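So the chains spell out like this:
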Amino acid sequence: METLTNCPVCNSSSFTPFVECTDYTVSKDKFKIVQCTCGFRFTNPRPEEAEAGKYYQSEDYISHSNTKKGIVNSLYQVARKFTLKRKLKLVTKVSGKQSGDLLDLGCGTGEFLNTCKENGWNVQGIEPSPDARAFASKQYGLTVHEVNKWDQFNDKLFDVVSAWHVLEHVYQLEETAKQVKRILKPDGTFIVALPNCSSADADFYKQFWAAYDVPRHIWHFTPADVKRFFEKQGFLLKEVLPMSLDAYYICMLSEKYKGGNINYGRAAIHGWASNSQAAKTGTTFSSQIYILKPVA
Ligand SMILES: [Zn+2]
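Predicted model, so just to flag it, every value in this text is computed and none were measured.

The strand order β1-β2-β3-β9 describes an open sheet built from 4 strands, whose pairing is antiparallel. Only two strands of the sheet have a single partner each, and these edge strands are β1 (15-22) and β9 (219-220). Pairing analysis gives 3 bridges linking strand β2 (residues 30-36) to strand β3 (residues 41-43), with the strands arranged antiparallel. Considered in β3, the bridge of Val34 is made with Phe42.

So, on to unusual backbone geometry. Looking along the chain, the bond that leaves Asn44 and enters Pro45 is cis, with omega of 0 degrees. Residues Val214 and Pro215 are joined by a peptide bond in cis, for which omega reads -5 degrees. Unlike most non-glycine residues, Asp213 shows phi in positive territory, near 35 degrees. Position of Asp213 relative to the elements: it lies in the loop between α5 (200-205) and β9.

Counted residue by residue, strand β7 (residues 158-164) has 7 buried out of 7 residues, so it is predominantly covered. One ladder, built from 3 bridges, connects strand β4 (residues 101-105) with β7; its direction is parallel. The residue of β7 that forms the bridge with Leu102 is Val160. Where β7 lies against strand β8 (residues 184-195), 6 bridges are found, and the strand directions are parallel. Paired with Trp164 across the strands is Ala193, a residue of β8. Crossover handedness for the path β7 to helix α4 (residues 173-183) to β8: right-handed.

It is worth spelling out the sheet that holds β8 at this point. The strands making up a sheet associate through hydrogen bonds between their backbones, and the pairing can be parallel or antiparallel. The mixed open sheet is built from 7 strands, whose spatial order is β6-β5-β4-β7-β8-β11-β10. Strands at the two margins of the open sheet, each flanked by one partner only, are β6 (144-145) and β10 (235-242). Pairing geometry for β4 and strand β5 (residues 122-126), over 5 bridges, is parallel. Counterpart to Leu105 in the pairing with β5 is Ile126.

We now examine the confidence of the model for the protein. The predicted model of the protein has a mean per-residue pLDDT of 93, with 96% of residues at 70 or higher. Scored below 50 in pLDDT, residues 61-65 shows 6 contacts in the model against residues more than four places distant or in partner chains.

Quick look at helix α6 (residues 223-232) now. One full turn of an α-helix is made of 3.6 residues, so residues set three or four places apart face in the same direction. Buried within α6 are the following residues: Pro223, Asp225, Val226, Phe229 and Phe230. Taken around the axis of α6, the buried residues stretch over an arc of 155 degrees, which confines them to a single face. Next to the buried residues of α6 lie α4, β8, β10 and β11 (287-294). Of the residues one or two after α6, Gly234 is the one with positive phi, at around 90 degrees.

This part is about the nonpolar core. By size, the foremost hydrophobic cluster in this structure holds 67 residues, and its most contacted members are Leu102, Cys116, Val161, Phe190, Val192 and Leu194. In terms of residue count, β8 provides more of this core than any other element does, 6 residues in total. Those residues within four positions of Val192 in sequence are excluded, and the remaining contacts are Ala163, Leu167, Tyr290 and Leu292.

Cut-offs and rules
Residues numbered from 1 in each chain as written. Predicted model: local features only at pLDDT ≥ 70, side-chain atom pairs only at ≥ 80, totals over all residues. Pairing = 2+ DSSP bridges. Helix = DSSP H or I, 4+ residues; strand = E, 2+ residues; numbered from the N terminus. Buried ≥ 20, exposed ≤ 12 C-beta atoms within 10 Å, placed from the backbone. Right-handed = clockwise from strand over helix to strand, strands pointing away. pLDDT = per-residue confidence, 0-100. Contact = placed C-beta atoms within 7 Å. Arc of directions from axis to C-beta. Core = buried A, V, L, I, M, F, W, Y, C linked by C-beta atoms within 7 Å.

Printed below as a string of structure tokens:
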């Protein structure tokens, strides 16, 4: 295990215990989340980066992907197709471009990249899992790189860099932000999707909130943390957008962690309640998309 001594957002070394959570999906071990004086929360201590891989050894993380059997899987395929289309639309809208160069961080088996490619974008990905990289390359003919090989990318190369529920897993958070800033064009866009631990469903489920997902999630952002962290790294937060479906999914899992099996009715009610409350503020959805632009 590794203990962080300084907050990546404000550099303070003064933390207080926030909550202790169980890893329900893989190890069943308990992990502590601390809160810095600035408000930022992170898993501390956390597995060493070299040890982190073993906490991903679960069916759930071997991308629910590519078998097309059964009703649940069919629904999943339909939902995924819908989500991919929406992501592509968002890329076009927030970048103001119909095509260009796009890099997806943590691209998994490459479905999002493939959707972009089919619609005229020039795409590349970065992905730590060798199996996922091989699949993306074989299935879709994508170029997918290993992690931490930033040198291969020239400055000001990309119109869009995306990270869909990825940065909460990334050990080199500051280095990643710096490199994205470097490789983005001056008018480029960084699209970041993250769970939001200041949402109503996080407040309600507390240690059972599924999006704490320790120890795979090492950072637990609120919108205020996102703004402060990325401003420090030379980005401007332009817009915050909801991912409304995530509240239902997270509430379903949280019900399972809390009660042993899923109470779908209660999950639906809490998902709906979280979304309705968030609709009033605009920035407290269970999961959100942050549109960041590099500052000159
Ligand atoms: Zn701090």
